[in-house]
Amino acid sequence: MRTDFDQELEDRLLRYTAIDSQSDEESPTQPSTAIQLDMQRLLVEELTAIGAADVRLTDYGAVLATIPATTDAKAPVIGFLAHVDTAPQFNATGVKPRVLKNYNGGAITYPDAPGLTLTPEGSPYLATKAGHDIITASGTTLLGADDKAGVSVIMTAARHLLANPHIPHGAIRIAFTPDEEVGRGVDKRLPADLGASFAYTFDGGEVGEIEYESFSADGATVTITGVSIHPGMAKGKLVNALHLAAKIVQTLPQATMTPETTKGTEGFLHVTDLKGSAAEAVIKLILRDFELEGLAAKGELLQQVCAAVQAGEPRAEITCEIKPQYRNMRYWLEKDMTPVDLARAACRDIGIEPVSVPIRGGTDGSRLTEMGVPCPNIFTGMQNIHGPLEWISVQDMGAAVKMALGIAERAAR
Ligand SMILES: [Zn+2]
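Presented here is a report on the structure given in the accompanying data block. (Residues numbered from 1 in each chain as written. Predicted model: local features only at pLDDT ≥ 70, side-chain atom pairs only at ≥ 80, totals over all residues. Heavy atoms only, no water.)

Attention shifts here to the overall build of the protein. In terms of regular secondary structure, the protein is built from eleven helices and 16 strands. A compact globule built from 413 residues should have a C-alpha radius of gyration of about 22 Å, and the protein, at 24 Å, falls within 12% of that. In terms of overall dimensions, the protein has a C-alpha envelope of 85 × 55 × 35 Å along the principal axes. Across the 413 residues that make up the protein, the buried fraction comes to 54%. Across the protein, the fraction of contacts at a sequence separation of at least 24, relative to all contacts at a separation of at least 6, is 79%. Summing over all exposed atoms, the protein offers an accessible surface of approximately 17,200 Å²; the carbon and sulfur share of this is 53%. With 36 positive and 53 negative side-chain charges, the protein shows a separation of 3 Å between the mean positions of the two kinds. (Helix = DSSP H or I, 4+ residues; strand = E, 2+ residues; numbered from the N terminus. Rg over C-alpha atoms; globule rule 2.2 N^0.38 Å. Buried < 20%, exposed > 50% of the residue type's maximum accessible area, 1.4 Å probe, protein only. Contact = heavy atoms within 4.5 Å. Areas by Shrake-Rupley, 256 points an atom, 1.4 Å probe, with all protein chains shown as cover. Lys, Arg positive; Asp, Glu negative; His and termini not counted. Charge placed at Lys NZ, Arg CZ, Asp CG, Glu CD.)

Okay, structure coming up:
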């Protein structure tokens, strides 16, 4: 059951996933790792070779290009985006992608990790893919279909449109961004440089998924300054910042309102980092909720806990700083659902019923939407991301290419 774009998608995904382009949370540079530019330079070459216009690598590490309009009609300029970095959470060096042609529906084992198995029982979506061509890594790395599947889909759609100028569409802007996985994919210059009325990230999972709701997200830093003194003469004087930090963490909700106890549209408070000494300790947290009121309530709860611990030990100094990270794209998209409706129509055109579930996270599109470029997220087929069991169906990517083509055509009608 090979379809039109399968061989090209397979070749592209194998070529792109073999390149290490992992991002790094700890790095202060932009992009966070220089290896992402290896991927970007290849894309500049390939975009130029297929005849894209305005191809450039920006100094903030994004690759931009244009598929020129083929119709005089006043079509909006639309954008297609994918990120080139792979997740820092798992080994991404030395990815050896392989293709299982015409998947037999059984358990999948790995050449480099004899104990590892991917089963249709453990991954029910896989059970629906018998007969597809499945791509996995070799067992010791992630695959990086997140989001090289998105890159492959956009490159394949771009190559097809540039080779077939009789297909009517408006101008399409392409952006391949670095550092999505570390939350730094959207530079403040990107919306203007993209120059699109609205855009789509190709960074979603199951076929049919069209996402336009993400978390709203804040980050919090709690700093506890104790009173430091030689322990030998500390009686009645020393105030240990670590004890106070432990008290704050202990007082926060644990049986509820944490990532491990919530799902669906529930938000959470998550302690991500705790470092320090008796003299000073720093707690880092992330706050997530789909609604701004819920997000604010979680911030207030954290402030109250800090204030209560502070009240019990006035000699210490406890500060809690909460900063916005990104906002639910629904707040903007629900005012004008055109980009979502267009994608849903394109999805039905290829015989697939679209589904929209809230993303328990954020995408480059969350930031872009907030910055004025409405940007829902479209499926690519990627599954079990950020780990060794990551896999994708070539035919699912083919459906995503048809989505991109359908959106381009419908936007020009
Ligand atoms: Zn992604």
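Let us look at the packing of aromatic side chains. Counted under the stated rule, the structure contains seven aromatic pairs. On the basis of an interplanar angle of 90° and a centroid distance of 5.5 Å, the ring pair of Phe-215 and Phe-268 is categorised as edge-to-face. A residue pair is termed long-range when its members are at least 10 positions apart, and Phe-215 in the loop between β10 (210-211) and β11 (216-225) and Phe-268 in strand β12 (residues 268-276) qualify at 53 residues. For the pair formed by Phe-215 and Phe-268, the shared burial category is buried. Arranged with centres 4.6 Å apart and planes meeting at 35°, the rings of Phe-215 and Phe-290 form a pair that is tilted. You can see Phe-215 sitting in the loop between β10 and β11 and its partner Phe-290 sitting in the loop between β13 (280-289) and α7 (292-312), a full 75 residues away along the chain. Here Arg-98 stacks its cationic end above the ring of Tyr-110, 5.1 Å away from the centre of that ring. (Phe/Tyr/Trp six-rings, centres within 6.5 Å; stacked < 30°, edge-to-face > 60°. Lys NZ or Arg CZ within 6 Å of the ring centre and 35° of its normal.)

Our focus in this paragraph is the nonpolar core. Within the largest apolar cluster, 63 residues are counted, with the highest numbers of intra-cluster contacts made by Phe-176 and Ile-407. For this core, the element with the most residues is helix α11 (residues 394-411), which contributes eleven residues. Val-222, Ala-245, Val-305 and Cys-320 belong to the second largest nonpolar core, which has 22 residues in total. (Core = buried A, V, L, I, M, F, W, Y, C linked by side-chain atoms within 4.5 Å.)

Turning our attention to unusual backbone geometry. Note that the residue after Gln-30, namely Pro-31, is joined by a cis bond; omega there is -5°. Locating Pro-31 in the fold gives a position in the loop between α1 (6-17) and α2 (36-49). Between Asp-146 and Asp-147 the backbone carries a cis peptide bond, its omega angle lying at 5°. Even without being glycine, Asp-54 reaches a positive phi, approximately 50°. Structurally, Asp-54 can be placed in strand β1 (residues 53-57).

Now for the sheet that holds β11. Here we have four strands laid out as an open sheet, ordered β12-β13-β11-β14, and antiparallel in their pairing. The outermost strands of the open sheet, each flanked by one partner alone, are β12 and β14 (317-326). On average, each strand axis in the sheet is tilted by 15° relative to the strand beside it, whichever way the strands run. Of the pairings in the sheet, the one linking β12 to β13 comprises eight bridges and is antiparallel in character. Note on β13: the bridge partner recorded for Lys-275 is Val-282. Packed on one face of the sheet, α7 meets β11, β12, β13 and β14 and runs near 165° to β14. (Pairing = 2+ DSSP bridges. Axes fitted to C-alpha atoms, helices over the stretch in contact; angles between N-to-C directions.)

Another aspect to go through is the sheet that holds strand β15 (residues 377-379). Read across the open sheet, the seven strands follow the order β1-β2-β8-β3-β9-β15-β10; overall the sheet is mixed. Looking at which strands have only one partner, the edges of the open sheet turn out to be β1 and β10. As defined by bridge partners, strand β9 (residues 198-204) adjoins β15 across three bridges and the pair is classed as parallel. Paired with Phe-202 across the strands is Ile-378, a residue of β15. Packing against the sheet, helix α4 (residues 145-163) makes contact with β2 (63-67), β3 (78-83), β8 (172-177) and β9, and its axis sits at approximately 140° to β3.

This brings us to the coordination of the zinc ion. The zinc ion binds to the protein through His-83 (NE2), Asp-146 (OD), Asp-203 (OD) and Asp-203 (OD), with metal-donor distances spanning 1.9 to 2.7 Å. Classification of the site at the zinc ion as irregular follows from its four donor atoms and the range of 52 to 146° in their angles at the metal. Sequence spacing of the donors to the zinc ion: H-x62-D-x56-D. Here Asp-203 lies in strand β9 and His-83 lies in strand β3, a separation of 120 residues in the sequence. Taken individually, His-83 and Asp-203 each receive the classification buried, so the pair is uniform in this respect. (Donors = N, O, S within 2.8 Å, 3.2 Å for Na, K, Ca; no water. Tetrahedral: all angles 85-135°; square planar, octahedral: opposite > 155°, others 65-115°.)

Mapped onto the elements, Gly-183 comes out in the loop between β8 and α5 (190-194). Among the residues examined, Gly-183 registers a relative accessible area of 63% and is labelled exposed. Spatially, the C-alpha atom of Gly-183 lies 8.3 Å from that of Gly-362, the residues being 179 residues apart in sequence.

Among the residues of helix α6 (residues 241-251), Ala-241, Leu-244, Ala-245 and Ile-248 are the ones counted as buried. Along the axis of α6, the buried positions cluster into a sector of 105°, meaning they face one direction only. In α6, the exposed residues that point more than 90 degrees away from the buried face are His-243 and Gln-250. The elements touched by buried residues of α6 are β11, β12, β13, α7 and β14. For α6, the N-terminal capping position is held by Asn-240, with its side-chain oxygen 2.8 Å away from the main-chain nitrogen of Leu-242. (Arc of directions from axis to C-beta. Polar contact = N/O pair within 3.5 Å; in protein donor to acceptor, adjacent residues only side chain to side chain.)

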